[in-house]
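Close look at the chain arrangement
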Amino acid sequence: MAESVPDKKGGRIGARGARPGPYAEGIRFLRERRRVLWRLAVWSVLESGQTFLSGYALARALDDGFLAGERGVGLAWLGLAALAVALGAYGTGRVYRAMAALVEPLRDALVRRVVTHAVGGAGGGRTDDGGAGGGTTAVSRLTHQVEIARDTFAGLVMVSRSFVFVAAGALVGLLSLAPVLLLVVLPPLVLGLALFLATLRPMARRQEAFLEADENIAETLGAVASGLRDITAAGAEERVGADAGDRIDAEYRAARALARWGVVRVIAIGVGGRLPVVLLLVAAPWLLGRGVTTGALVGALAYLQQSLLPALQSLMQALGTGGSRLAVVVGRLAGTASDGGGLGPERASGVAAPDGTAARPDSPAVELRAVTFAYGDRAAPVVEDLDLDVPAGGHLAVVGPSGIGKSTLAGLIAGLLEPRSGEVRVCGEPVRGTGAVRAAALRVLIPQEAYVFSGTLADNLRYLCPETGTGARTDAELAAAAEAVGLDALLSRIGGPYADVDPGALSAGERQLIALARAYLSPAPVVLLDEATCHLDPAAEARAERAFARRPGTTLIVIAHRVSSARRAERVLVMDGRQTVCGRHAELLERSPLYRDLAGSWRDWGDRGSTGGQGGSGGSGHLLGAGASDPALAPRDADGVHAVARPGLPGDGGHVVAYRPVGQMQAAGDLGDRGAFGGQ
C-alpha cells in the first residue's frame with residue numbers, strides 16, 4: 001500500500017499524486033455528460049429566441065408599423081413576439097428536464113461517496129463526536145450538505161446558461177438593429193463583468209470565512225445549551241461567555257468584510273447594467289443623428305431593461321453567493337471522502353479507552369509542561385512552572401492545604417482554565433486550541449457539586465454516552481456501573497433505572513453517586529474526581545475510587561480530602577507552591593514535611609472502622625478534623641501547649657476550625673463556599 005503524507009491542511013495526500021480538487025472533478029463530471037450539455041444548449045437557443053424578438057419585434061413594430069401608419073404590421077410584429085414567448089416557455093420546460101439529467105447524477109455520486117466512506121469509517125472503528133454511534137449523525141449531516149450542493153449547482157447552471165444565451169440574443173438583436181448601438185452598450189457591460197469577475201475569488205474567501213464563523217457560533221451555542229449544568233458546576237461561565245463572544249466577534253468581522261465586497265458587486269451591477277441605459281439616453285441625439293431609428297432606440301432600451309440587466313443581476317447574485325457556498329460544500333464533501341472516511345472528530349490514535357484498547361506507551365494520559373497559572377495578570381501564580389506526567393492507566397492523588405490550587409490543577413487538565421504559560425495535553429491532545437474538542441472527549445471531570453437533572457435515572461446515567469452504536473449503554477451495563485460505584489441501593493430503592501428522580505429530594509451523597517456512575521459509563525479514558533466523594537463516607541468513597549481504578553483503560557486523578565485516598569493511589573502529588581513534589585505514599589512521608597503534616601493531621605474515619613450511609617455526609621474527612629491524630633511534630637511542649645491549633649483540644653468549644661496546617665483559623669459559621677475552582 002502506498003504511503004501517505006499529511007498536507008498543509010491536515011488531509012492525506014497519496015504517494016502517487018493528489019486527489020483532484022472539487023473544480024477539477026466538476027470539469028470531469030461535465031465532460032462525461034457532453035450529450036446532456038448539448039441538449040441543454042439546443043433548448044436554450046429556443047428559449048433565447050424570445051430574448052432576440054423582445055427588442056427586435058418591438059423596433060420593427062414601431063418603425064414599420066405604428067410610426068409608419070401600418071397598424072396591422074405593428075400588431076403582427078407584436079404577435080410574433082408573443083409567439084416567441086410561448087416557444088420560450090416550451091424551451092424552458094425542456095431545459096428543466098435536461099437539468100434533471102445533469103443534476104441528479106451529481107447528487108447520487110456525492111451521496112454514494114459520502115455514505116460509502118462513512119460506512120467504511122464506522123467499520124474501521126472511527127467514530128464521530130466521541131462515540132461510535134455518531135457516524136449516523138454525520139451521514140445525516142453530510143447528506144443534507146449534498147442536497148445543498150445539488151440545489152446550488154442546479155441554480156448556478158440555470159443562471160449561467162440563462163445569462164449566456166440572453167446576452168447572446170440581446171447582443172445579436174442590437175447588432176441587427178444598428179451596429180453603432182454596440183459602441184454604447186458593450187463597453188460598460190464588459191467593464192461591469194470584468195469588475196465582478198475580479199472580485200469573485202476574494203468574495204468566495206470572505207463567504208467561506210463567514211460560513212465557518214456562523215457554523216462555529218452554532219456549534220458553540222449548541223454545546224453551551226446542552227452543557228449548562230456542567231458549565232455551572234465547573235464555574236466556567238466567564239470563560240464560556242468570553243469564548244462565545246469571541247466567536248460572535250469573528251462572525252461580525254467576517255460579515256463586515258463580506259459586506260465590503262458586496263458593495264463592489266453592487267457597483268459592478270451598476271456599471272454593467274445601469275450605466276448602459278444612462279449612456280444610451282445621453283447618446284440618443286447622437287445616435288438618432290447617425291441613422292438610428294426611434295424603434296431601434298426603444299428596442300435597445302427593451303434589451304437592456306428586460307433582458308440584460310435582470311440576467312446580469314441574477315448571474316452576479318448566484319455566483320457571488322451560491323458559487324461560494326457550492327465551493328465550500330463540495331470542498332468539504334470531497335475532503336470527507338478523500339481522508340479515509342472519517343466523518344467527525346476521531347478518538348486520538350492509541351488513546352486508552354474504557355473498552356480496553358491499549359494506550360501508546362510513549363504518550364502519557366495527562367501531560368503538563370512548565371505550566372503557570374494565576375487568577376489575574378497581577379495575581380501571584382497558583383500553579384507555577386509545573387511539570388507532570390500521568391501515565392495511561394495511572395492513579396494519582398493530589399493533596400495539599402486548602403486554597404493551594406488543587407481544583408485549579410483539575411481545571412487546567414480539563415481545559416476549563418487557560419494557563420498563563422506552558423502546555424497541557426490529555427492523551428496527546430492539547431486541551432486548548434486546535435485539539436480542544438478532541439481532548440474534551442477524552443476526559444470527564446466530576447466537581448464537588450454533583451448536578452442531577454429532572455428525568456429518569458437512566459437519562460442521567462447515559463448523559464455522557466452516545467445514543468446509538470457500540471458506545472450506547474444497555475440496561476445491564478447501567479446496573480453493572482451502579483453496582484461498581486455503589487449506586488445499586490439507590491437504584492433499587494427508587495424502582496429501577498427508568499424511575500423518575502427529583503434532584504431536590506436526593507441527598508448530596510446520592511447526587512454524587514449518580515455523577516460517579518455517569519462518569520463511569522462515559523467513554524472518556526481520563527477521569528478527574530475533584531472532591532467528587534466529599535459527601536460519601538470513607539467506605540463508599542473507597543468503593544467508588546476502586547471501581548474507577550479497575551475500569552479498563554482508565555487514568556484516574558483524585559483531588560483527595562482523606563489520607564486513605566492518597567494511600568490507595570499509585571502516586572501522590574503534594575502541592576505546595578514551588579515546592580510541589582510527587583511520589584509514593586511511603587517515600588513522601590520521608591521526603592515531604594508538608595505531606596507528613598497532612599497525613600498526621602488527617603481525620604480518616606475509615607481507618608477507625610466507622611460507618612456511614614452512602615448517601616450521607618458523615619465522615620467527610622476534611623483536614624485537621626476533631627479526633628484526628630496529632631501532626632507528625634511534637635504533640636505538645638513541656639508547658640502543655642499544642643504545636644498546631646485545631647478543634648478538639650482541651651477548652652475548645654467548637655467555635656474555631658483550622659483550615660491550614662499553620663494554624664490560620666476562622667469561625668465555623670463563617671466558612672465561605674469557595675466553589676468548584678476557588679478552593680476545596
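Residues numbered from 1 in each chain as written. Predicted model: local features only at pLDDT ≥ 70, side-chain atom pairs only at ≥ 80, totals over all residues. Heavy atoms only, no water.

**Describing the pattern of salt bridges**
Applied cut-off: By convention in these notes, a salt bridge is any Lys or Arg side-chain nitrogen within 4 Å of a carboxyl oxygen on Asp or Glu. Think of it this way: any DSSP run of H or I at least four residues long counts as a helix, any run of E at least two long counts as a strand, and we number them from the N terminus. For every residue, the accessible area (1.4 Å probe, protein chains only) is compared with the maximum for its type, and the residue is labelled buried under 20%, exposed over 50%, or partly exposed between those bounds.
Within the structure shown, the criterion is met by 15 salt bridges. Across the pair glutamate 418 and arginine 432 runs a salt bridge, and its minimum N-O distance is 3.1 Å. Separated by 14 residues along the polypeptide, glutamate 418 in the loop between α10 (406–414) and β6 (421–426) and arginine 432 in the loop between β7 (429–430) and α11 (436–440) bring together distant segments of the chain. Given the relative accessible area of 26%, arginine 432 is considered partly exposed.

**Notes on a nonpolar patch on the surface**
Spelled out, the test is: Patches were defined on residues exceeding 30% relative accessible area and lacking a salt bridge, with like-charge contacts within 9 Å and nonpolar side-chain contacts (Val, Leu, Ile, Met, Phe, Trp, Tyr) within 5 Å. Computed with a 1.4 Å probe, the accessible areas rest on the Shrake-Rupley method; for each residue, only the protein chains presented here act as cover.
Taken together, the side chains of Leu275, Val278, Leu279 and Val282 present a nonpolar region at the surface, about 320 Å² in accessible area. Examined against the element boundaries, leucine 275 turns out to sit in helix α7 (residues 237–282). Overall, the relative accessible area of 32% leaves leucine 275 in the partly exposed class.

**Quick word on the nonpolar core**
Counted only if it meets this: We call a set of buried residues a nonpolar core when its members are Ala, Val, Leu, Ile, Met, Phe, Trp, Tyr or Cys and they connect through side-chain atoms within 4.5 Å of each other. The contact rule is simple, with two residues in contact once any of their heavy atoms fall within 4.5 Å.
In this structure, Phe163, Leu174, Leu181, Leu280, Leu287, Val292 and Leu308 are the most contacted members of the largest nonpolar core, which totals 38 residues. Contributing elements (two or more residues each) for this core: α4 (134–177), α5 (180–226), α7, α8 (284–288) and α9 (294–338). With 12 residues, the top contributor of residues to this core is α9. Ignoring sequence-local partners within four residues, the contact set of leucine 181 consists of Leu174, Leu280, Leu287, Val292, Ala296 and Ala300. By size, the runner-up hydrophobic cluster in this structure holds 37 residues, among which are Ala482, Leu490, Leu513 and Ile514.

**Some thoughts on the pairing of strand β11 (residues 526–530)**
Put simply, the test is: By this definition, two strands are paired if DSSP reports at least two bridges between them. Look down the strands so they point away from you; if the path from the first strand over the helix to the second goes clockwise, the crossover is right-handed.
Of all 5 residues in β11, 5 are buried; the element is thus mostly enclosed. Of the pairings in the sheet, the one linking strand β8 (residues 443–446) to β11 comprises 4 bridges and is parallel in character. By the bridge assignment, isoleucine 446 is partnered in β11 with leucine 529. Of the strand pairs in this sheet, β11 and strand β12 (residues 555–559) are connected by 5 bridges, and their pairing is parallel. Across the sheet, the residue bridging to valine 526 is threonine 555, located in β12. For the crossover that starts at β11, traverses helix α16 (residues 538–550) and ends in the parallel β12, the hand is right-handed.

**A short note on helix α15 (residues 508–521)**
As a reminder of what qualifies: Take the residue count of a helix, subtract one, and multiply by 1.5 Å to get its expected span.
Compared with an ideal rise of 1.5 Å per residue, which puts 14 residues at 20 Å, α15 spans 20 Å between its outermost C-alpha atoms and is within 8% of the ideal. Within α15, 12 of the 14 residues are buried, which leaves it mostly tucked inside the rest of the structure. Of all the residues in α15, the buried ones are Gly509, Glu510, Gln512, Leu513, Ile514, Ala515, Leu516, Ala517, Arg518, Ala519, Tyr520 and Leu521. On its buried face, α15 is in contact with β8, α12 (457–461), α13 (475–485), α14 (488–494), β11 and α16.

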